[in-house]
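Observations on chain architecture
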Amino acid sequence: MTSETRVQNDPFVSSEVEKRPASEPRFSTALEANGTGSLNAQIRTDWTRAEIAALFDLPFTELLFRAAEVHRRHHPAGEVQLCTLLSIKTGGCPEDCGYCSQSVTADSGVEATKLMDVQAVLQRAAQAKDAGSQRFCMGAAWRNPKDRDMPRIVEIVKGVRAMGLETCMTLGMLTPAQADMLAEAGLDYYNHNIDSSPEYYERVITTRTMADRLDTLTNVRAAGINVCSGGIVGMGETREDRVGFVHTLATLERHPESVPVNALVPVKGTVLGDMLAGTPMAKIDDIEFVRTIAVARITMPMSMVRLSAGRESMSEATQALAFLAGANSIFTGDKLLTAPNAGDDKDGALFAKLGLVPLAGPEPMRAACA
Ligand code: SF4
């Protein structure tokens, strides 16, 4: 049987994928992409909410199939990037994000600490590298960094980068001057999540607006730093809010190179943790979570989609579906800032079971622009 006949006869093989010449690389670094399923459509930033809602509404297996096709077109299938996240300044944050145990408004028992010393951070980065991490993310519970903190932050970025790790920082809102300082230090990514849809955002945070967040993303982009921006699902929002969340990111002038999708970890003493406790909404439905990953993958084909907080309470099967849907990055280690995480041993076992290996090469979107 020729390969052409096999493709025609095999309902499980996409003839569009198989029609690609054998000489074509296993993932494309060209800025071409996949729209709703056509392998030749351009990367789109003009998605409408109706189109995104239609993707969410697809039969689950159809959505998964389309997302997996997009994923394989742009990313090495079977490779998942390992990242480590460290809280370099914990607690005492003046913002009132309703999901966060580090807010001063939360009665969560998280104690406020000072900004860590440079050497202490570098030691933790070295451990992360030894454990196989490619990327080291650092978070400080601030509304924004003070100018007096910037020299230490710059030293940390330079030190972690010198170890050959990709660097990401999340420090709150940034001025253009602060963004420039971080860019000069060589920071690879800045994380600033939009959290949810513009409508639901206002019910979760009152101390800064979605527009403030987008301003920081603009400053980060203008400084030449890669943008990491995503959000949290399972905060009591509706499907329409999840549509609005993906729509906001997928219609930015340039897609974020990195899109973390978190499942809420409801913490006692936080506004959302207490509001959702004991209700059916205390945990996002697994299939709906995977749908969100799949729609993010289809609408932002080249971005790294990061399976972030909430993984610890997900079954192996849900995580496997999320990888199939296009998630290609996880955080390793026992903790995510202050929330529990799956832990290296569990992840190693899961990778072995699923036949996954850590991402070895560069991130496609960054490689395309190098
Ligand atoms: S999410 Fe960040 S900004 Fe919001 S309260 Fe927590 S530490 Fe502060």
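A brief report on the enclosed structure follows. (Residues numbered from 1 in each chain as written. Predicted model: local features only at pLDDT ≥ 70, side-chain atom pairs only at ≥ 80, totals over all residues.)

We now examine the overall build of the protein. Assigned secondary structure in the protein consists of 15 helices and 12 strands. Contacts in the protein between residues at least 24 apart in sequence constitute 78% of all its contacts with a sequence separation of at least 6. (Helix = DSSP H or I, 4+ residues; strand = E, 2+ residues; numbered from the N terminus. Contact = placed C-beta atoms within 7 Å.)

Ranked by size, the top nonpolar core spans 94 residues in total, and within it Leu182, Tyr190, Ile293, Ala294 and Ala325 carry the most contacts. Top contributing element to this core by residue count: helix α12 (residues 286-299), with 7 residues. Discounting chain neighbours no more than four positions away, the residues touching Tyr190 are Met169, Leu174, Leu182, Val220, Ile225, Val227 and Cys228. (Core = buried A, V, L, I, M, F, W, Y, C linked by C-beta atoms within 7 Å. Buried ≥ 20, exposed ≤ 12 C-beta atoms within 10 Å, placed from the backbone.)

By nearness alone, every residue bordering the ligand is listed as Cys93, Glu95, Cys97, Cys100, Gln102, Ser103, Ala141 and Gly172. Each residue belonging to the shell around the ligand can be placed in one class, and the counts come to 4 nonpolar, 3 polar and 1 charged. (Near = placed C-beta within 6 Å. Nonpolar A, V, L, I, M, F, W, Y, C, P; charged D, E, K, R; others polar.)

This part takes up the packing of helix α4 (residues 60-74) against α12. Where α4 meets α12, the axes come as close as 9 Å, and the angle between the chain directions of the two elements is 40°. For the element pair α4 / α12, the angle class is oblique. As α4 runs across α12, the sense of the crossing is left-handed. On the side of α4, the interface is formed by Phe60, Leu63, Leu64, Arg66, Ala67, Val70 and His71, while α12 contributes Ile287, Arg291, Ala294, Arg297 and Ile298. Grouping the amino acids of the contact of α4 with α12 by side-chain chemistry returns 8 nonpolar, 1 polar and 3 charged. (Axes fitted to C-alpha atoms, helices over the stretch in contact; angles between N-to-C directions. Parallel < 35°, antiparallel > 145°, perpendicular 65-115°, else oblique. Left-handed = near helix turned anticlockwise from the far one by under 90°.)

What follows deals with the pairing of strand β1 (residues 79-89). Along any regular strand the residues' side chains alternate between the sheet's two faces. By the criterion of burial, β1 is predominantly enclosed, with 10 of the 11 residues buried. Here β1 runs beside strand β12 (residues 357-358); their pairing, made up of 2 bridges, is parallel. What sits directly across from Glu79, in β12, is Val357. Inspection of the sheet shows β1 paired to strand β2 (residues 135-140) by 6 bridges, in the parallel sense. Looking at the pairing, Lys89 lines up with Ala140 of β2. Chirality of the crossover, the property in question, places the unit of β1, helix α5 (residues 118-130) and β2 among those that are right-handed. (Pairing = 2+ DSSP bridges. Right-handed = clockwise from strand over helix to strand, strands pointing away.)

The next subject is unusual backbone geometry. Generally, phi is negative for residues other than glycine and the peptide bonds are trans, each holding for most cases. Here the phi dihedral of Asp195 falls at roughly 75°; this positive angle occurs in a residue that is not glycine. Tracing the chain through its elements places Asp195 in the loop between β4 (189-191) and α8 (198-204). A tally of 25 C-beta atoms within 10 Å means that Asp195 is categorised as buried.

When you line up the elements, Phe56 lands in helix α3 (residues 49-57). Note: C-alpha distance between Phe56 and Ala294 (238 residues apart in sequence) is 8.5 Å. Excluding anything up to four places from it in sequence, Phe56 contacts Arg239, Arg242, Val243, Arg291 and Val295.

Turning our attention to the packing of α3 against α12. Two elements in contact, α3 and α12, have axes whose closest approach is 9 Å; the angle formed by their N-to-C orientations is 135°. Comparing their axes, α12 and α3 come out oblique. When the axes of α3 and α12 are compared, the crossing they make is right-handed. Between α3 and α12, the contacting residues are Ile52, Leu55 and Phe56 on the first element and Arg291, Val295, Ile298 and Thr299 on the second. When its residues are assigned to classes, the contact of α3 with α12 shows 5 nonpolar, 1 polar and 1 charged.

Here we take up the pairing of strand β7 (residues 258-263). Across the 6 residues that make up β7, a large majority, 6, are buried. Going residue by residue along β7, you find Ser258, Pro260 and Asn262 tucked away on one face and Val259, Val261 and Ala263 tucked away on the opposite face as well. Pairing geometry for strand β6 (residues 231-233) and β7, over 3 bridges, is parallel. Residue pairing for β7: Ile232 is matched across the bridge by Asn262. With respect to chirality, the unit in which β6 leads through helix α10 (residues 239-250) into the neighbouring parallel β7 is right-handed. In this sheet, strand β8 (residues 304-307) lies alongside β7 in parallel orientation, the contact comprising 4 bridges. Within the sheet, the bridge partner assigned to Ser258 lies in β8 and is Met304.

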